[in-house]
2 protein chains.
Amino acid sequence: MTHTTDATTTDHAARSAALDAADPLARFRDAFVASDEVTAYLDGNSLGRPTRASAERLARFATDVWGARLIRGWDEEWYELPLTLGDRIGAVTLGAAAGQTFVGDSTTVILYKLVRAALSAPQVAGRDEIVLDAGNFPTDRYVLEGVAREHGATLRWITPDHDGGVTPEQVAEVLSDRTALVLLSHVAYRSGYVSDAAAITTLAHDAGALVLWDLCHSAGAVPVELDAWGVDLAAGCTYKYLNGGPGAPAFGYVRADLQGALTQPIQGWMGSAAPFEMGPAYAPHDGVRRFLSGTPAIVGMLAMQDMLDLVDAAGMAAVRAKSVALTEHATALVDDLVLPLGARYASPRDPERRGSHVTVDHDAFEATLPLLWERGVIPDFRRPNGLRLGLSPLSTSFDEVRVGVEAVRDALAEVLDRTTAPGAAESA
Amino acid sequence: MTHTTDATTTDHAARSAALDAADPLARFRDAFVASDEVTAYLDGNSLGRPTRASAERLARFATDVWGARLIRGWDEEWYELPLTLGDRIGAVTLGAAAGQTFVGDSTTVILYKLVRAALSAPQVAGRDEIVLDAGNFPTDRYVLEGVAREHGATLRWITPDHDGGVTPEQVAEVLSDRTALVLLSHVAYRSGYVSDAAAITTLAHDAGALVLWDLCHSAGAVPVELDAWGVDLAAGCTYKYLNGGPGAPAFGYVRADLQGALTQPIQGWMGSAAPFEMGPAYAPHDGVRRFLSGTPAIVGMLAMQDMLDLVDAAGMAAVRAKSVALTEHATALVDDLVLPLGARYASPRDPERRGSHVTVDHDAFEATLPLLWERGVIPDFRRPNGLRLGLSPLSTSFDEVRVGVEAVRDALAEVLDRTTAPGAAESA
């Protein structure tokens, strides 16, 4: 089965071109490194593209900064970078005033530190339950399993809808005076569902619990207002919509008035009150620095700085508007082209409740990946059957989405033809 | 007081030139990024210089790798990089067979994970003491303080000599059937003392304890034979003598036969048996991967690869021979030029027991730093009074050491003149 240009394809192309022509953020696309052989990159929710400015920054770093300033770089910039960069992430993407956000370890390690800090907080002394959901990203669940076992805490599981996510009603059902902590993702990694973080935070606080939001799929794509929502703790990723590069260090947030009461277990020199005094005993720093542990990963903190400049220039409201337009466009294309082949839409239909990716399920999707990659079309895939179309607002065009979804349609049709064609069983 | 060319200076210059002329590793110096305004970089023990190859690798990374391969980079290389790079570090610098070394978090976080893993090992069940020393780097002591408090363990402190380090005799005195773990630095961060790791490991094993070696000041400068010494656990730094760049991720080592019995507390997706299955419950990977937690810091793992190639090409025996020659040269210069001004040599005189740096104490050294930096001479300094001359074997010339020590002599003399000159008290 081959799909050549027909009336529908022409309509989709025209519609995509019109959306691109009207896109107020279209000019930002030139800010990213181009890749000729990739015709549709729909995986910005997993690894954002590099900006051109970051390519230049990395190219200059070894010669002009590391190699030229050498150890002096620590005094001049790097020692404070986990906090100055944290403040910048907070201001541009999290609605967080200065002094509450830090850049440090991997998301997993920061989650561990913040969960441990929360469970030892005097505010929740005597409470022994942690609320989480079965749809959360594995590392969140794994961290909580481990900490709960150590602390003799009980995990209270919420089971969200496959196509949805955790609702305030579901949280209300499991909260009690035993709840110490609620850990949820603001945007569900699979469905893209946007939880009502403000409402859930209020519910948790009313029950006397602390809340930790995982913002991995939010930061830089979906507006977040940590201070306004009264959030206690948050952590998130910088290599998705903040384009920090593979494995760039994550950020953490601890609300200012909580910092003095919370301590984290990985006591390292960079979180101490006076790192260069080489003192005999650990005393945590007064401020958010206490949540740091080891020497900060400076090289990994370079690229995200340029993306933050772009997001700041565009503004989170405009970024969100384009994100919604992109996922609406992807949804319409999927409805027209992919669902007729037996696939199932697995994200919220309501754009208000949808983050910056759209997931479609089909058992044959795994077999389409080699075909798609070969053709320069790169979606995301989550086993066993979820194809995620991750649409990074500043680097993705509407026509790129069309090219990608059409390629998904073609590849899926080919795989299905192959498996249902006469003799397919013998040749498989 | 001004120091102009005199007979001694001429002798030192001639001696340095002769050593450089006879240096079999001299050609490696061209492999590093030059910095015109830095005439003597004597801080390779804190932050190694970038190699030229790393500068090129970083310059290409965003455009040719991250930007071109995009998410496919994870399948093609990055997912395994923490282990393949770990194997390479193990083979080139640690005397460690494959499958035991990983690159992961900061040194602090890896120390935390390995200490926790050790304390929960069945081998040391019921034991409640940890042996450490007051001269160890703060982060090592801070991590142990925190873990000991959590576990109700007792810290058994060794107090090493100021100019020396921990000896087998000192360890033997504190070992008992209560000892669960011994954590020491192979090379002392201040004095540069090289502990007898083989003998101490054997002593600890004879007492039924596990041993964790901090190799921060060893890896890439002082030969290490983890497998031959029978070491249980190790961790170390990659931004010093492995030139990984500021904050490059650290490595950890867990002896193969121990891995199955040890688990670490930060349960993340990258350490699980099947990270991409998104399974419901955490099961640790069978192998050394179980000591990973979050998404690996790929950008931070780039530069060290080039330095490993250089160390491999030179060979650790030749690297060590040059390191000894450099510290002997520095010692002779310090004896001639700096000790006469009232400074005190604070490293082992025996080159067998000395790592790749030499420390000199003087209360006026802190005041010399601005003068030295201004003159392009960059030693290391540890409060309150220790000037460390860190001599990275492949990037440091003998004449660079001479230039540096002469500058230290001049700056110290100026500071002392200033403070002892008539009227100094009034103008200070």
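What you see is a predicted model, and the numbers here were worked out from it, not measured in a lab.

A. How the structure looks around the overall build of chain A. Helix and strand counts for chain A come out as 14 helices and 12 strands. Taken over the C-alpha trace, chain A has a radius of gyration of 23 Å; the compact-globule value for 428 residues is 22 Å, and the two agree within 12%. C-alpha extents for chain A along the principal axes are approximately 75 × 55 × 45 Å. Every one of the 428 residues in chain A was classed for burial, and the buried ones make up 65%. Considering only residue pairs separated by 6 or more positions, chain A has 72% of its internal contacts joining residues 24 or more positions apart. Accessible surface, chain A: about 14100 Å² in total, of which carbon and sulfur atoms supply 53%. Of the charged side chains in chain A, 35 are positive and 56 negative; the average position of the first set lies 2 Å away from that of the second.

B. How the structure looks around the interface of chain A and chain B. Tallying the contact residues gives 75 residues for chain A and 75 residues for chain B. When chain A packs against chain B, close to 6600 Å² is buried across both sides, 64% of that on carbon and sulfur atoms. The largest share of the area that chain A buries against chain B comes from A:Trp66, A:Tyr142 and A:Pro246, three residues that together contribute 12% of it. The tally of links from chain A across to chain B stands at 6 salt bridges. At the junction of chain A with chain B, the criterion picks out 25 residue pairs in polar contact (both at pLDDT 80 or more). Per-element tally for the side of chain A that touches chain B: the top contributor is helix α2 (residues 52-69) of chain A, with 10 residues. Partitioned by chemical class, the residues of the side of chain A that touches chain B number 40 nonpolar, 20 polar and 15 charged.

C. Looking closely at empty space enclosed by the protein. In total, this model carries 2 cavities of 30 Å³ or more according to the counting rule given. Within this model, the largest cavity holds a volume of roughly 50 Å³. Lining the largest cavity are 15 residues, with A:Ala297, A:Gly300, B:Ala297, B:Val299 and B:Gly300 sitting closest to its centre. Empty space within the second largest cavity amounts to approximately 40 Å³. Only β12 (386-390) and α14 (398-420) of chain B provide two or more residues apiece to the lining of the second largest cavity.

D. How the structure looks around unusual backbone geometry. The omega angle of the peptide bond from A:Arg383 to A:Pro384 is 5°, so this bond is cis rather than trans. Take A:Pro384: it is sitting in the loop between β11 (377-382) and β12 (386-390). One non-glycine residue, B:Leu70, lies in positive phi territory at about 50°. Its place among the elements puts B:Leu70 in the loop between α2 (52-69) and α3 (72-78). Phi is positive for B:Asn243, close to 50°, though the residue is something other than glycine. Assignment of secondary structure puts B:Asn243 in the loop between β7 (233-236) and β8 (251-254).

E. Highlighting the UniProt feature "modified residue: N6-(pyridoxal phosphate)lysine" (unreviewed entry) in chain A. Residues and elements named next belong to chain A. Per the UniProt annotation, the sites labelled "modified residue: N6-(pyridoxal phosphate)lysine" (unreviewed entry) are Lys240. Given the relative accessible area of 8%, Lys240 is considered buried. Each residue touching Lys240, except ones within four places of it in the same chain, is listed here: Gly44, Asn45, Ser46, Gly48, Cys216 and His217.

F. Focus on the pairing of strand β4 (residues 154-158) of chain A. Where strand β3 (residues 129-133) of chain A and β4(A) come together, 5 bridges link them in parallel fashion. Bridged to A:Asp133 within β4(A) is A:Ile158.

G. Looking closely at the relation of the copies chain A and chain B. Least-squares fitting of chain A to chain B yields an RMSD of 0.0 Å, with the superposition described by an axial translation of 0.0 Å and a rotation of 180°. Taken together, the rotation and translation relating the two chain copies correspond to the operation of a two-fold axis. No C-alpha of chain A lies nearer the rotation axis than that of A:Ala59, which sits 1.8 Å from it. A symmetric contact is evident, with 100% of the interface residues of chain A recurring at the interface of chain B.

H. Just the sheet that holds strand β9 (residues 344-345) of chain B, in detail. Residue and element names in this part refer to chain B. Spatially, β1-β11-β12-β10-β9 is the arrangement adopted by the 5 strands of the open sheet, whose pairing is mixed. Edge positions in the sheet fall to β1 (40-42) and β9, since each of these pairs with one other strand and no more. By the bridge criterion, 5 bridges tie strand β10 (residues 357-361) to β12 in an arrangement that is antiparallel. Pairing of Thr359 across the sheet is with Arg388, part of β12. Across the sheet, helix α12 (residues 316-337) is in contact with β9, β10 and β12; its angle to β10 comes to roughly 20°.

I. Spotlight on the nonpolar core. Core analysis: the biggest nonpolar cluster contains 222 residues, and A:Leu394 and B:Leu394 have the highest contact counts within it. Not counting the four nearest positions on each side in its chain, A:Leu394 is found in contact with A:Leu25, A:Phe28, A:Arg29, A:Phe32, A:Met307, A:Leu310, A:Val311, A:Ala314 and A:Val319.

J. The arrangement of the environment of A:Pro384 in detail. Since its relative accessible area comes to 60%, A:Pro384 is described here as exposed. Put simply, A:Pro384 and A:Asp43 are 341 residues apart on the chain and 17 Å apart in space, counted from C-alpha to C-alpha.

K. Main features of the sheet that holds strand β6 (residues 210-214) of chain B. Residue and element names in this part refer to chain B. Strands sit in the order β2-β8-β7-β6-β5-β3-β4 across an open sheet of 7 strands; the sheet is mixed. A single partner strand is all that each edge strand has here, and the edge strands are β2 (101-103) and β4 (154-158). On average, each strand axis in the sheet is inclined to that of its neighbour by 20°, with strand direction left out of account. Of the strand pairs in this sheet, strand β5 (residues 179-185) and β6 are connected by 5 bridges, and their pairing is parallel. The residue bridging Ser185 from the neighbouring strand is Asp214, located in β6. Relative to strand β3 (residues 129-133), helix α6 (residues 138-151) is tilted by about 160°, and along the sheet it contacts β3, β4, β5 and β6.

Parameters and conventions
- Residues numbered from 1 in each chain as written.
- Chains lettered and ligands numbered in written order.
- Predicted model: local features only at pLDDT ≥ 70, side-chain atom pairs only at ≥ 80, totals over all residues.
- Heavy atoms only, no water.
- Helix = DSSP H or I, 4+ residues; strand = E, 2+ residues; numbered from the N terminus.
- Rg over C-alpha atoms; globule rule 2.2 N^0.38 Å.
- Buried < 20%, exposed > 50% of the residue type's maximum accessible area, 1.4 Å probe, protein only.
- Contact = heavy atoms within 4.5 Å.
- Areas by Shrake-Rupley, 256 points an atom, 1.4 Å probe, with all protein chains shown as cover.
- Lys, Arg positive; Asp, Glu negative; His and termini not counted.
- Charge placed at Lys NZ, Arg CZ, Asp CG, Glu CD.
- Buried area = accessible area lost by both parts, 1.4 Å probe.
- Salt bridge = Lys/Arg side-chain N within 4 Å of Asp/Glu carboxyl O.
- Polar contact = N/O pair within 3.5 Å; in protein donor to acceptor, adjacent residues only side chain to side chain.
- Nonpolar A, V, L, I, M, F, W, Y, C, P; charged D, E, K, R; others polar.
- 1 Å grid on protein atoms, 1.4 Å probe; cavity = no way out; pocket = protein on both sides within 12 Å on 5 of 7 lines; lining within 4 Å.
- Points joined across faces, edges and corners; volume = space filled by probe spheres on them.
- UniProt positions renumbered as here; feature names shortened; annotations may be inferred.
- Pairing = 2+ DSSP bridges.
- Least-squares fit on C-alpha atoms with pLDDT ≥ 70 in both.
- Axes fitted to C-alpha atoms, helices over the stretch in contact; angles between N-to-C directions.
- Core = buried A, V, L, I, M, F, W, Y, C linked by side-chain atoms within 4.5 Å.

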